[in-house]
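Now for the letters of each chain:
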Amino acid sequence: MASKLITAIGKSELGPEDRLSLLSDNFALARASRLSTAKALEVLKAFNQETEYTCILSICACLTELSRLFAQKTDSEEYRGFKRLAEQLLGPIGKAVGWDAKPGESHIQSLLRYGACFILHGWRLCKPNMRPVSDLH
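Below you will find a few notes about this structure.

Along the backbone of the protein chain there are seven helices and zero strands. Beginning at the N terminus, the succession of helices and strands in the protein chain can be written as α-α-α-α-α-α-α. Expressed as a percentage of its 137 residues, the buried residues of the protein chain come to 36%. Pairs at least 24 residues apart make up 56% of the contacts formed inside the protein chain by residues separated by at least 6 positions. A total accessible area of about 8400 Å² is found for the protein chain, and carbon and sulfur atoms account for 54% of it.

This part takes up the state of the cysteines. Going through the model one piece at a time under the given rule, you end up with zero disulfides. For Cys-60, which is in no disulfide, the shortest distance to another cysteine sulfur is to Cys-62 and amounts to 9.3 Å. Judged by its relative accessible area of 5%, Cys-62 is buried.

We now examine the nonpolar core. Ranked by size, the top nonpolar core spans 28 residues in total, and within it Leu-23, Leu-44, Phe-47, Ile-59 and Leu-63 carry the most contacts. Sorting the residues of this core by element identifies α2 (16–31), α3 (37–45), α4 (53–69), α5 (77–97) and α6 (107–122) as the ones contributing at least two each. Apart from residues no more than four positions distant in its own chain, Phe-47 is found in contact with Ile-9, Arg-19, Leu-23, Cys-55, Ile-59 and Leu-89.

The final tally for this structure, using the stated rule, is four salt bridges. Here Arg-31 ties to Glu-65 by a salt bridge, and the two come within 2.9 Å at their closest N and O atoms. Here Glu-65 lies in helix α4 and Arg-31 lies in helix α2, a separation of 34 residues in the sequence. Overall, the relative accessible area of 51% leaves Arg-31 in the exposed class.

This next bit is on unusual backbone geometry. Phi at Ser-12 takes a positive value of approximately 55°, unusual for a residue other than glycine. Within the secondary structure layout, Ser-12 lies in the loop between α1 (2–10) and α2. Its identity as a non-glycine residue notwithstanding, Ser-33 has a phi of 60°, on the positive side.

One can find Arg-19 in helix α2. Among the polar contacts listed, one links the side chain of Arg-19 to the side chain of Glu-50, at a separation of 2.8 Å. In contact with Arg-19, other than residues within four places in its own chain, are Ile-9, Ser-12, Leu-14, Phe-47, Glu-50, Glu-52 and Cys-55.

It is worth spelling out the layout of surface pockets at this point. Taken as a whole, the largest pocket holds about 170 Å³ of empty space. Contributing to the lining of the largest pocket are Ala-2, Leu-5, Ile-6, Ile-9, Leu-22, Asn-26, Leu-35, Lys-39, Glu-42 and Val-43. Among the secondary structure elements, those contributing two or more residues to the lining of the largest pocket are α1, α2 and α3. For the lining of the largest pocket, the element with the highest residue contribution is α1, accounting for four residues. Taken together, the residues of the lining of the largest pocket break down into seven nonpolar, one polar and two charged.

In this section: the packing of α2 against α4. One way to put it is that α2 packs onto α4 with a least axis distance of 9 Å and a crossing angle of 15°. Taken together, the axes of α2 and α4 lie roughly parallel to each other. Considering the relative orientation of α2 and α4, their crossing is left-handed. Between α2 and α4, the contacting residues are Pro-16, Arg-19, Leu-20, Leu-23, Phe-27 and Arg-31 on the first element and Thr-54, Cys-55, Ser-58, Ile-59, Cys-62, Glu-65 and Leu-66 on the second. The residue makeup of the contact of α2 with α4, split by class, is eight nonpolar, two polar and three charged.

What counts, and where the lines are drawn
- Residues numbered from 1 in each chain as written.
- Predicted model: local features only at pLDDT ≥ 70, side-chain atom pairs only at ≥ 80, totals over all residues.
- Heavy atoms only, no water.
- Helix = DSSP H or I, 4+ residues; strand = E, 2+ residues; numbered from the N terminus.
- Buried < 20%, exposed > 50% of the residue type's maximum accessible area, 1.4 Å probe, protein only.
- Contact = heavy atoms within 4.5 Å.
- Areas by Shrake-Rupley, 256 points an atom, 1.4 Å probe, with all protein chains shown as cover.
- Disulfide = S-S within 2.5 Å.
- Core = buried A, V, L, I, M, F, W, Y, C linked by side-chain atoms within 4.5 Å.
- Salt bridge = Lys/Arg side-chain N within 4 Å of Asp/Glu carboxyl O.
- Polar contact = N/O pair within 3.5 Å; in protein donor to acceptor, adjacent residues only side chain to side chain.
- 1 Å grid on protein atoms, 1.4 Å probe; cavity = no way out; pocket = protein on both sides within 12 Å on 5 of 7 lines; lining within 4 Å.
- Points joined across faces, edges and corners; volume = space filled by probe spheres on them.
- Nonpolar A, V, L, I, M, F, W, Y, C, P; charged D, E, K, R; others polar.
- Axes fitted to C-alpha atoms, helices over the stretch in contact; angles between N-to-C directions.
- Parallel < 35°, antiparallel > 145°, perpendicular 65-115°, else oblique.
- Left-handed = near helix turned anticlockwise from the far one by under 90°.

Put into structure tokens, the structure is as follows:
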């Protein structure tokens, strides 16, 4: 059943409320040692096409929580894998919203900018076309 849910998340066959619940429930189970972190990561990986703000906010929270596990292991293969995952999940959003506000953009887009771009920049994951203006000079 888990693989069917993961497939449904990746294809956005579930509504945003259900996707959000599955992600937060899986990470809560992992925190409580009732589910392996690897299984929670499998669910997280399914969100690679996510565009819904509430789900992206939860992805950011999960990634931030995971980053604390690697705080002292930044030269490990696990950390490099974690960074690749974060870039896969947040990179497309960061590229879409960019660093600069666009005329008439919604409040949600500015929130997405914070969620994706600032986290990616803080972890030094930004691609050249996603760097803030101050980094280009």
